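Examining the three-dimensional arrangement
Each chain, letter by letter, is given below.
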Amino acid sequence: MRQSLLALLCCLPLLLAGQNAVLQSGPMVGYVDMREALIWVQTTRPAEVQIKYREIGAGTDWMTSSIAKTEARLAHAVKLIADQVLPGKTYEYQVLVDGEEIDLPYPTQFQTQAIWRWRSDPPDFEVAMGSCVYVNEPQYDRPGNPYGGNYEIFESIDEASPDLMLWLGDNNYLREVDWWTRTGIFHRYTHTRSLPEMQPLLAHTANYAIWDDHDFGPNDSDRSWINKEIAKEAFDAFWGNPGSGLPGQDGGITTMFRYNDVDFFLLDNRYFRSPNDMHDRTDRVILGEQQLDWLIEALVSSDATFKLVCIGGQVLNTARRYEIYNNIAPNERYELLNRIELEGIKNVVFLSGDRHHSELSRLELSEDHVLYDFTASPLTSGSGSSRDEVNENRVPETLVLQRNFGFIEFSGPRDNRKMRLSIRDVSGEELWSYEIEAQP
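Residues numbered from 1 in each chain as written. Predicted model: local features only at pLDDT ≥ 70, side-chain atom pairs only at ≥ 80, totals over all residues. Heavy atoms only, no water.

Here we come to the sheet that holds strand β12 (residues 206-210). Ordered by their spatial adjacency, six strands build an open sheet running β12-β11-β10-β19-β20-β21, and the pairing between neighbours is mixed. The sheet is open, and its two edges are formed by β12 and β21 (430-437), each paired on a single side. Pairwise comparison of adjacent strand axes, ignoring direction, gives a mean angle of 20° for this sheet. In this structure, strand β19 (residues 404-411) lies alongside strand β20 (residues 418-425), joined through eight bridges in antiparallel fashion. Of the residues in β20, the one forming a bridge with Asn 404 is Asp 425. (Pairing = 2+ DSSP bridges. Helix = DSSP H or I, 4+ residues; strand = E, 2+ residues; numbered from the N terminus. Axes fitted to C-alpha atoms, helices over the stretch in contact; angles between N-to-C directions.)

Dropping the structure here:
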(Lines give C-alpha, C1' and ligand atoms only; values in the text may rest on other atoms or scores of the structure.)
Protein backbone atom coordinates (compact mmCIF):
# COMPACT_ATOMS: atom_id res chain seq x y z
CA MET A 1 0.00 0.00 0.00
CA ARG A 2 2.76 2.46 1.02
CA GLN A 3 4.91 1.62 -2.01
CA SER A 4 2.03 2.04 -4.43
CA LEU A 5 1.10 5.39 -2.87
CA LEU A 6 4.70 6.57 -3.05
CA ALA A 7 4.83 5.59 -6.70
CA LEU A 8 1.58 7.49 -7.30
CA LEU A 9 2.93 10.61 -5.63
CA CYS A 10 6.19 10.41 -7.57
CA CYS A 11 4.15 10.43 -10.76
CA LEU A 12 1.83 13.18 -9.60
CA PRO A 13 3.80 16.11 -11.05
CA LEU A 14 3.86 14.38 -14.45
CA LEU A 15 0.17 13.54 -14.27
CA LEU A 16 -0.67 17.14 -13.54
CA ALA A 17 1.74 18.54 -16.12
CA GLY A 18 -0.60 18.00 -19.04
CA GLN A 19 -4.28 18.87 -19.02
CA ASN A 20 -4.15 19.51 -15.25
CA ALA A 21 -1.39 22.13 -15.42
CA VAL A 22 -3.94 24.78 -14.55
CA LEU A 23 -4.55 23.16 -11.12
CA GLN A 24 -2.16 24.62 -8.53
CA SER A 25 -3.37 22.69 -5.48
CA GLY A 26 -6.41 20.92 -4.13
CA PRO A 27 -9.16 20.10 -4.41
CA MET A 28 -9.64 20.18 -0.65
CA VAL A 29 -12.76 19.24 1.26
CA GLY A 30 -13.59 21.91 3.83
CA TYR A 31 -16.52 21.69 6.21
CA VAL A 32 -19.16 19.01 5.72
CA ASP A 33 -22.63 19.09 7.20
CA MET A 34 -25.96 17.37 6.51
CA ARG A 35 -27.13 19.73 3.76
CA GLU A 36 -23.92 20.98 2.18
CA ALA A 37 -20.18 20.56 1.82
CA LEU A 38 -17.42 22.96 0.77
CA ILE A 39 -14.76 22.15 -1.84
CA TRP A 40 -11.70 24.40 -2.18
CA VAL A 41 -9.64 24.68 -5.38
CA GLN A 42 -6.61 26.75 -6.41
CA THR A 43 -5.61 27.34 -10.03
CA THR A 44 -2.41 28.69 -11.59
CA ARG A 45 -4.19 31.45 -13.51
CA PRO A 46 -7.60 33.10 -13.75
CA ALA A 47 -10.17 30.45 -14.59
CA GLU A 48 -13.80 29.42 -14.20
CA VAL A 49 -14.10 26.56 -11.72
CA GLN A 50 -17.02 24.30 -10.91
CA ILE A 51 -17.60 20.91 -9.30
CA LYS A 52 -19.99 18.17 -10.24
CA TYR A 53 -20.94 15.51 -7.73
CA ARG A 54 -23.19 12.50 -7.23
CA GLU A 55 -23.94 9.91 -4.59
CA ILE A 56 -21.68 6.90 -4.91
CA GLY A 57 -23.48 3.75 -5.98
CA ALA A 58 -26.88 5.39 -6.31
CA GLY A 59 -26.95 5.65 -10.09
CA THR A 60 -28.08 9.27 -9.91
CA ASP A 61 -27.25 12.06 -12.34
CA TRP A 62 -24.42 14.47 -11.67
CA MET A 63 -25.31 17.66 -9.81
CA THR A 64 -23.29 20.85 -10.21
CA SER A 65 -22.22 23.78 -8.10
CA SER A 66 -22.27 27.38 -9.21
CA ILE A 67 -19.32 28.53 -11.32
CA ALA A 68 -16.67 30.56 -9.49
CA LYS A 69 -14.00 32.68 -11.11
CA THR A 70 -10.50 32.60 -9.66
CA GLU A 71 -8.56 35.84 -9.42
CA ALA A 72 -4.98 36.85 -8.70
CA ARG A 73 -5.94 38.92 -5.63
CA LEU A 74 -6.79 35.70 -3.74
CA ALA A 75 -4.01 33.63 -5.31
CA HIS A 76 -6.59 32.04 -7.65
CA ALA A 77 -8.23 30.17 -4.76
CA VAL A 78 -12.01 29.62 -4.70
CA LYS A 79 -14.61 27.81 -2.64
CA LEU A 80 -17.46 25.83 -4.15
CA ILE A 81 -20.54 24.62 -2.30
CA ALA A 82 -22.26 21.30 -2.90
CA ASP A 83 -25.76 22.23 -1.70
CA GLN A 84 -27.90 19.47 -3.20
CA VAL A 85 -26.78 16.71 -0.84
CA LEU A 86 -28.59 14.55 1.70
CA PRO A 87 -27.50 13.50 5.21
CA GLY A 88 -25.38 10.42 5.74
CA LYS A 89 -24.38 9.90 2.10
CA THR A 90 -21.02 9.52 0.38
CA TYR A 91 -20.48 11.57 -2.77
CA GLU A 92 -17.86 11.50 -5.46
CA TYR A 93 -16.98 14.79 -7.11
CA GLN A 94 -14.98 16.09 -10.04
CA VAL A 95 -13.40 19.49 -10.58
CA LEU A 96 -14.03 21.32 -13.85
CA VAL A 97 -11.74 24.15 -14.91
CA ASP A 98 -12.96 26.21 -17.86
CA GLY A 99 -15.42 23.41 -18.54
CA GLU A 100 -12.75 20.67 -18.68
CA GLU A 101 -12.68 17.83 -16.12
CA ILE A 102 -9.49 17.51 -14.08
CA ASP A 103 -8.38 13.88 -13.76
CA LEU A 104 -6.65 13.04 -10.49
CA PRO A 105 -4.94 9.76 -9.50
CA TYR A 106 -6.66 9.50 -6.10
CA PRO A 107 -10.27 9.51 -4.86
CA THR A 108 -12.13 12.82 -4.66
CA GLN A 109 -15.14 12.35 -2.41
CA PHE A 110 -16.85 13.55 0.76
CA GLN A 111 -19.33 12.14 3.24
CA THR A 112 -22.15 14.24 4.66
CA GLN A 113 -22.99 14.03 8.35
CA ALA A 114 -25.68 11.56 9.35
CA ILE A 115 -28.99 12.55 10.89
CA TRP A 116 -29.06 10.47 14.06
CA ARG A 117 -30.61 12.46 16.93
CA TRP A 118 -33.82 10.82 18.27
CA ARG A 119 -33.16 7.95 15.88
CA SER A 120 -30.02 6.09 16.95
CA ASP A 121 -26.82 6.31 18.95
CA PRO A 122 -24.28 8.85 17.66
CA PRO A 123 -22.12 7.48 14.86
CA ASP A 124 -18.58 6.46 15.66
CA PHE A 125 -15.99 8.64 13.93
CA GLU A 126 -12.28 9.46 13.86
CA VAL A 127 -10.30 12.69 13.88
CA ALA A 128 -6.65 13.28 12.96
CA MET A 129 -4.87 16.37 14.25
CA GLY A 130 -1.52 18.07 14.15
CA SER A 131 0.35 21.36 13.96
CA CYS A 132 3.63 22.88 12.77
CA VAL A 133 3.91 22.30 9.01
CA TYR A 134 7.22 23.54 7.63
CA VAL A 135 7.81 22.90 3.92
CA ASN A 136 11.34 23.71 2.81
CA GLU A 137 12.03 26.35 0.17
CA PRO A 138 15.84 26.52 0.26
CA GLN A 139 16.30 29.95 -1.30
CA TYR A 140 14.23 31.50 1.50
CA ASP A 141 15.09 29.18 4.42
CA ARG A 142 17.74 29.68 7.06
CA PRO A 143 21.17 28.35 6.08
CA GLY A 144 22.10 24.93 7.43
CA ASN A 145 20.16 21.72 7.86
CA PRO A 146 16.64 21.86 6.43
CA TYR A 147 14.06 22.60 9.13
CA GLY A 148 11.24 20.68 7.43
CA GLY A 149 11.01 17.05 6.45
CA ASN A 150 9.21 13.70 6.62
CA TYR A 151 6.39 14.91 4.38
CA GLU A 152 5.25 11.30 4.07
CA ILE A 153 3.46 11.86 7.38
CA PHE A 154 0.53 13.16 5.32
CA GLU A 155 0.37 9.82 3.51
CA SER A 156 0.25 8.08 6.90
CA ILE A 157 -2.60 10.31 8.06
CA ASP A 158 -4.45 9.59 4.83
CA GLU A 159 -3.95 5.84 5.26
CA ALA A 160 -5.52 6.09 8.74
CA SER A 161 -8.74 7.28 6.98
CA PRO A 162 -9.93 9.91 9.48
CA ASP A 163 -13.30 11.55 8.98
CA LEU A 164 -11.83 14.94 9.93
CA MET A 165 -8.40 16.56 9.91
CA LEU A 166 -7.80 19.36 12.43
CA TRP A 167 -4.93 21.71 11.56
CA LEU A 168 -4.00 23.23 14.93
CA GLY A 169 -1.88 26.19 13.89
CA ASP A 170 1.48 26.95 12.30
CA ASN A 171 -0.05 25.27 9.28
CA ASN A 172 2.64 27.02 7.27
CA TYR A 173 5.66 29.07 8.29
CA LEU A 174 5.80 32.64 7.04
CA ARG A 175 9.45 33.64 6.58
CA GLU A 176 11.06 37.08 6.82
CA VAL A 177 10.75 37.36 3.03
CA ASP A 178 6.95 36.90 3.40
CA TRP A 179 5.93 38.93 6.45
CA TRP A 180 5.77 42.45 5.07
CA THR A 181 3.82 42.04 1.83
CA ARG A 182 0.57 40.56 0.61
CA THR A 183 2.56 38.89 -2.17
CA GLY A 184 4.80 37.15 0.37
CA ILE A 185 1.99 35.97 2.64
CA PHE A 186 -0.07 34.53 -0.19
CA HIS A 187 3.05 32.94 -1.70
CA ARG A 188 3.76 31.08 1.51
CA TYR A 189 0.21 29.77 1.79
CA THR A 190 0.39 28.65 -1.86
CA HIS A 191 3.80 27.01 -1.51
CA THR A 192 2.80 24.92 1.51
CA ARG A 193 -0.63 23.96 0.15
CA SER A 194 0.97 22.70 -3.09
CA LEU A 195 2.94 19.93 -1.35
CA PRO A 196 2.30 16.75 -3.42
CA GLU A 197 2.19 14.42 -0.39
CA MET A 198 -0.65 16.47 1.08
CA GLN A 199 -3.03 16.35 -1.90
CA PRO A 200 -4.77 12.95 -1.41
CA LEU A 201 -5.55 13.74 2.25
CA LEU A 202 -7.03 17.10 1.31
CA ALA A 203 -9.17 15.63 -1.47
CA HIS A 204 -11.32 13.25 0.59
CA THR A 205 -11.11 14.27 4.26
CA ALA A 206 -13.00 17.17 5.86
CA ASN A 207 -10.42 19.80 6.88
CA TYR A 208 -10.81 22.45 9.61
CA ALA A 209 -8.13 24.86 10.86
CA ILE A 210 -7.01 27.46 13.37
CA TRP A 211 -3.80 29.47 13.26
CA ASP A 212 -0.87 30.22 15.53
CA ASP A 213 1.97 32.71 15.23
CA HIS A 214 3.77 31.41 12.11
CA ASP A 215 0.75 31.38 9.81
CA PHE A 216 -0.37 34.71 11.31
CA GLY A 217 2.88 36.68 11.19
CA PRO A 218 6.39 36.67 12.69
CA ASN A 219 7.39 34.47 15.60
CA ASP A 220 5.30 35.16 18.75
CA SER A 221 3.22 37.77 16.90
CA ASP A 222 0.20 39.42 18.51
CA ARG A 223 -2.62 41.97 18.01
CA SER A 224 -0.11 44.70 17.17
CA TRP A 225 0.95 42.90 13.97
CA ILE A 226 0.49 45.46 11.22
CA ASN A 227 -0.42 42.89 8.56
CA LYS A 228 -2.92 40.88 10.56
CA GLU A 229 -5.77 41.82 8.22
CA ILE A 230 -3.84 40.44 5.24
CA ALA A 231 -3.06 37.33 7.27
CA LYS A 232 -6.75 36.86 8.01
CA GLU A 233 -7.63 37.34 4.36
CA ALA A 234 -5.10 34.66 3.39
CA PHE A 235 -6.33 32.27 6.09
CA ASP A 236 -9.94 32.73 5.01
CA ALA A 237 -8.98 32.27 1.35
CA PHE A 238 -7.13 28.99 1.94
CA TRP A 239 -9.28 27.26 4.55
CA GLY A 240 -12.89 26.10 4.40
CA ASN A 241 -14.20 26.53 7.94
CA PRO A 242 -17.97 27.12 8.29
CA GLY A 243 -17.31 30.64 9.57
CA SER A 244 -14.57 33.12 10.50
CA GLY A 245 -15.07 35.51 13.38
CA LEU A 246 -17.70 35.94 16.06
CA PRO A 247 -21.00 37.76 15.53
CA GLY A 248 -20.63 41.35 16.68
CA GLN A 249 -16.84 41.18 16.96
CA ASP A 250 -14.50 42.73 14.42
CA GLY A 251 -11.73 40.49 13.13
CA GLY A 252 -10.35 37.16 14.17
CA ILE A 253 -11.01 33.65 12.88
CA THR A 254 -12.98 32.23 15.83
CA THR A 255 -15.83 29.86 15.02
CA MET A 256 -17.27 26.46 15.95
CA PHE A 257 -18.89 23.44 14.36
CA ARG A 258 -20.61 20.25 15.40
CA TYR A 259 -19.74 16.81 14.10
CA ASN A 260 -22.14 14.12 15.26
CA ASP A 261 -22.33 14.50 19.05
CA VAL A 262 -19.12 16.53 19.50
CA ASP A 263 -18.73 20.32 19.44
CA PHE A 264 -15.45 21.79 18.18
CA PHE A 265 -14.59 25.35 19.25
CA LEU A 266 -11.97 26.89 16.95
CA LEU A 267 -10.27 29.69 18.89
CA ASP A 268 -8.07 32.59 17.79
CA ASN A 269 -5.03 32.98 20.05
CA ARG A 270 -3.35 35.74 18.00
CA TYR A 271 -5.65 38.44 16.67
CA PHE A 272 -6.69 39.78 20.12
CA ARG A 273 -3.57 38.78 22.04
CA SER A 274 -1.51 41.35 23.94
CA PRO A 275 2.28 41.38 23.41
CA ASN A 276 4.08 38.66 25.35
CA ASP A 277 6.65 41.16 26.61
CA MET A 278 4.25 43.62 28.23
CA HIS A 279 5.74 44.33 31.64
CA ASP A 280 2.54 43.84 33.67
CA ARG A 281 1.76 40.12 33.40
CA THR A 282 -1.59 40.62 35.15
CA ASP A 283 -2.95 42.55 32.16
CA ARG A 284 -1.78 40.16 29.45
CA VAL A 285 -4.39 38.22 27.50
CA ILE A 286 -4.44 35.56 24.81
CA LEU A 287 -8.13 35.31 23.97
CA GLY A 288 -9.37 38.69 25.12
CA GLU A 289 -12.51 39.42 27.10
CA GLN A 290 -15.07 39.13 24.31
CA GLN A 291 -13.77 35.84 22.94
CA LEU A 292 -13.45 34.33 26.42
CA ASP A 293 -17.01 35.36 27.34
CA TRP A 294 -18.30 33.83 24.10
CA LEU A 295 -16.43 30.59 24.73
CA ILE A 296 -17.82 30.15 28.24
CA GLU A 297 -21.37 30.92 27.11
CA ALA A 298 -21.05 28.59 24.12
CA LEU A 299 -19.72 25.81 26.36
CA VAL A 300 -22.61 26.33 28.79
CA SER A 301 -25.11 26.19 25.91
CA SER A 302 -23.56 23.10 24.34
CA ASP A 303 -25.35 19.77 24.78
CA ALA A 304 -22.55 17.89 23.02
CA THR A 305 -21.11 14.80 24.67
CA PHE A 306 -17.57 16.12 24.36
CA LYS A 307 -16.55 19.77 23.95
CA LEU A 308 -13.22 20.08 22.14
CA VAL A 309 -11.57 23.49 22.42
CA CYS A 310 -8.97 23.94 19.67
CA ILE A 311 -6.28 26.52 20.48
CA GLY A 312 -2.80 27.14 19.14
CA GLY A 313 -0.94 26.91 22.48
CA GLN A 314 -1.07 24.73 25.55
CA VAL A 315 -3.60 25.52 28.28
CA LEU A 316 -2.98 23.01 31.08
CA ASN A 317 0.82 22.78 31.02
CA THR A 318 2.06 24.26 34.32
CA ALA A 319 5.53 25.26 33.08
CA ARG A 320 6.51 28.93 33.00
CA ARG A 321 8.33 29.10 29.67
CA TYR A 322 7.81 30.03 26.04
CA GLU A 323 4.19 30.72 25.03
CA ILE A 324 2.49 28.35 27.47
CA TYR A 325 -0.73 29.97 28.75
CA ASN A 326 0.50 29.70 32.34
CA ASN A 327 3.55 31.75 31.43
CA ILE A 328 2.05 34.39 29.16
CA ALA A 329 -1.37 35.17 30.66
CA PRO A 330 -1.77 33.38 33.99
CA ASN A 331 -4.68 35.56 35.14
CA GLU A 332 -6.73 34.94 32.01
CA ARG A 333 -5.90 31.23 32.23
CA TYR A 334 -7.15 31.19 35.82
CA GLU A 335 -10.36 32.94 34.76
CA LEU A 336 -10.93 30.45 31.93
CA LEU A 337 -10.46 27.38 34.13
CA ASN A 338 -12.30 28.90 37.10
CA ARG A 339 -15.36 29.74 35.00
CA ILE A 340 -15.43 26.24 33.52
CA GLU A 341 -15.43 24.88 37.07
CA LEU A 342 -18.01 27.37 38.41
CA GLU A 343 -20.38 26.64 35.50
CA GLY A 344 -19.93 22.91 35.97
CA ILE A 345 -18.97 22.40 32.30
CA LYS A 346 -17.82 18.82 31.94
CA ASN A 347 -16.13 16.82 29.19
CA VAL A 348 -13.96 19.71 28.03
CA VAL A 349 -10.81 18.67 26.20
CA PHE A 350 -8.35 21.24 24.86
CA LEU A 351 -6.64 20.35 21.58
CA SER A 352 -3.38 22.24 21.14
CA GLY A 353 -0.18 22.40 19.09
CA ASP A 354 2.77 24.84 18.87
CA ARG A 355 5.27 23.14 21.19
CA HIS A 356 7.23 20.87 18.82
CA HIS A 357 6.47 17.98 21.13
CA SER A 358 3.33 16.04 22.01
CA GLU A 359 1.85 15.13 25.36
CA LEU A 360 -1.38 14.74 27.29
CA SER A 361 -2.10 16.93 30.33
CA ARG A 362 -4.79 16.15 32.92
CA LEU A 363 -6.20 18.55 35.53
CA GLU A 364 -8.63 17.33 38.18
CA LEU A 365 -10.86 20.21 39.25
CA SER A 366 -12.78 17.89 41.55
CA GLU A 367 -13.37 14.17 41.88
CA ASP A 368 -15.93 14.13 39.08
CA HIS A 369 -14.70 17.10 37.02
CA VAL A 370 -11.56 16.56 34.95
CA LEU A 371 -10.04 18.61 32.10
CA TYR A 372 -7.56 17.39 29.48
CA ASP A 373 -5.17 19.08 27.06
CA PHE A 374 -4.09 16.90 24.12
CA THR A 375 -1.07 18.43 22.36
CA ALA A 376 0.11 17.19 18.95
CA SER A 377 3.23 18.75 17.39
CA PRO A 378 5.14 18.81 15.06
CA LEU A 379 3.98 17.41 11.74
CA THR A 380 6.97 18.37 9.57
CA SER A 381 8.89 21.12 11.38
CA GLY A 382 11.83 20.55 13.69
CA SER A 383 11.05 18.53 16.81
CA GLY A 384 11.54 20.12 20.21
CA SER A 385 13.95 19.53 23.08
CA SER A 386 11.56 19.73 26.02
CA ARG A 387 12.64 16.49 27.66
CA ASP A 388 13.36 18.20 30.99
CA GLU A 389 10.33 20.52 31.01
CA VAL A 390 8.34 20.17 34.22
CA ASN A 391 4.62 19.94 33.49
CA GLU A 392 2.91 18.91 36.71
CA ASN A 393 -0.25 17.95 34.81
CA ARG A 394 1.45 15.68 32.25
CA VAL A 395 0.06 12.17 32.06
CA PRO A 396 3.10 9.87 32.53
CA GLU A 397 4.68 8.32 29.43
CA THR A 398 2.91 10.65 26.98
CA LEU A 399 5.78 13.01 26.08
CA VAL A 400 6.85 12.52 22.44
CA LEU A 401 9.80 14.44 20.99
CA GLN A 402 9.67 13.34 17.35
CA ARG A 403 7.49 14.27 14.37
CA ASN A 404 4.02 12.85 14.86
CA PHE A 405 0.27 13.33 14.55
CA GLY A 406 -2.62 12.88 16.95
CA PHE A 407 -5.61 10.61 16.44
CA ILE A 408 -8.96 10.57 18.26
CA GLU A 409 -11.57 7.81 18.01
CA PHE A 410 -15.10 8.46 19.27
CA SER A 411 -17.20 5.39 20.00
CA GLY A 412 -19.92 3.89 22.17
CA PRO A 413 -23.63 4.41 22.76
CA ARG A 414 -25.04 7.83 23.66
CA ASP A 415 -24.95 7.15 27.40
CA ASN A 416 -21.44 5.67 27.37
CA ARG A 417 -19.37 7.61 24.84
CA LYS A 418 -15.60 7.34 24.85
CA MET A 419 -12.63 9.15 23.34
CA ARG A 420 -9.53 7.16 22.57
CA LEU A 421 -6.52 9.44 22.11
CA SER A 422 -3.28 8.31 20.51
CA ILE A 423 -0.06 9.71 19.11
CA ARG A 424 1.33 8.12 15.95
CA ASP A 425 4.74 8.52 14.38
CA VAL A 426 5.61 9.53 10.82
CA SER A 427 4.91 6.01 9.53
CA GLY A 428 1.56 5.82 11.32
CA GLU A 429 2.71 3.51 14.14
CA GLU A 430 0.98 4.15 17.46
CA LEU A 431 3.30 5.38 20.22
CA TRP A 432 0.77 5.57 23.07
CA SER A 433 -2.97 5.68 23.68
CA TYR A 434 -5.30 6.91 26.41
CA GLU A 435 -9.04 6.48 26.84
CA ILE A 436 -11.39 9.12 28.27
CA GLU A 437 -14.96 8.24 29.25
CA ALA A 438 -17.61 10.95 29.11
CA GLN A 439 -18.39 12.29 32.58
CA PRO A 440 -22.09 12.28 33.53
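This brings us to the packing of helix α3 (residues 182-193) against helix α5 (residues 228-238). Contact geometry for α3 and α5: axes closest at 10 Å, N-to-C directions at 30°. The orientation of α3 relative to α5 falls into the category roughly parallel. The way α3 lies across α5 gives a crossing that is right-handed. From α3, Arg 182, Ile 185, Phe 186, Tyr 189, Thr 190 and Arg 193 reach across to α5, where they touch Ile 230, Ala 231, Glu 233, Ala 234, Phe 235, Ala 237 and Phe 238. Among the residues forming the contact of α3 with α5, the class breakdown is nine nonpolar, one polar and three charged. (Parallel < 35°, antiparallel > 145°, perpendicular 65-115°, else oblique. Left-handed = near helix turned anticlockwise from the far one by under 90°. Contact = heavy atoms within 4.5 Å. Nonpolar A, V, L, I, M, F, W, Y, C, P; charged D, E, K, R; others polar.)

The next subject is the pattern of salt bridges. In total, this model carries 30 salt bridges according to the counting rule given. Here Asp 212 and Arg 270 are joined by a salt bridge, their closest N and O atoms 2.9 Å apart. Of this pair, Asp 212 sits in the loop between β12 and α5 while Arg 270 sits in the loop between β14 (262-266) and α6 (289-301), placing them 58 residues apart in sequence. Through salt bridges with shared partners, one network takes in Glu 71, Arg 73, Arg 182 and Glu 233. (Salt bridge = Lys/Arg side-chain N within 4 Å of Asp/Glu carboxyl O.)

Right, let's talk about the nonpolar core for a bit. Grouped together as the largest cluster of nonpolar side chains are 101 residues, with contacts concentrated most on Phe 110, Phe 154, Leu 166, Trp 167, Phe 264 and Leu 351. If sequence neighbours within four positions are ignored, Phe 154 has contacts with Val 133, Trp 167, Leu 195, Glu 197, Met 198, Leu 201, Leu 379 and Thr 380. Leu 287, Leu 292, Ile 296 and Val 348 belong to the second-largest nonpolar core, a separate cluster that totals 27 residues. (Core = buried A, V, L, I, M, F, W, Y, C linked by side-chain atoms within 4.5 Å. Buried < 20%, exposed > 50% of the residue type's maximum accessible area, 1.4 Å probe, protein only.)

In terms of burial, α5 is largely enclosed, as eight of its eleven residues are buried. Among the residues of α5, Lys 228, Ile 230, Ala 231, Lys 232, Ala 234, Phe 235, Ala 237 and Phe 238 are the ones counted as buried.

In total, this model carries 25 aromatic pairs according to the counting rule given. On the numbers, 6.2 Å between centres and 70° between planes, the contact of Tyr 147 with Tyr 173 is edge-to-face. Here Tyr 147 is found in the loop between β10 (125-130) and α2 (153-159), whereas its partner Tyr 173 is found in the loop between β11 (164-168) and α3, with 26 residues between them in sequence. A relative accessible area of 5% places Tyr 173 in the buried class. Pairwise contacts between aromatic rings join Phe 154, Trp 167, Trp 211, Phe 216, Phe 235 and Trp 239 into one cluster. A cation sits over an aromatic face here: Arg 117 above Trp 118, 5.7 Å from the ring centre. Positioned above the aromatic ring of Trp 239, the side-chain terminus of Arg 193 is 4.3 Å from the ring centre. (Phe/Tyr/Trp six-rings, centres within 6.5 Å; stacked < 30°, edge-to-face > 60°. Lys NZ or Arg CZ within 6 Å of the ring centre and 35° of its normal.)

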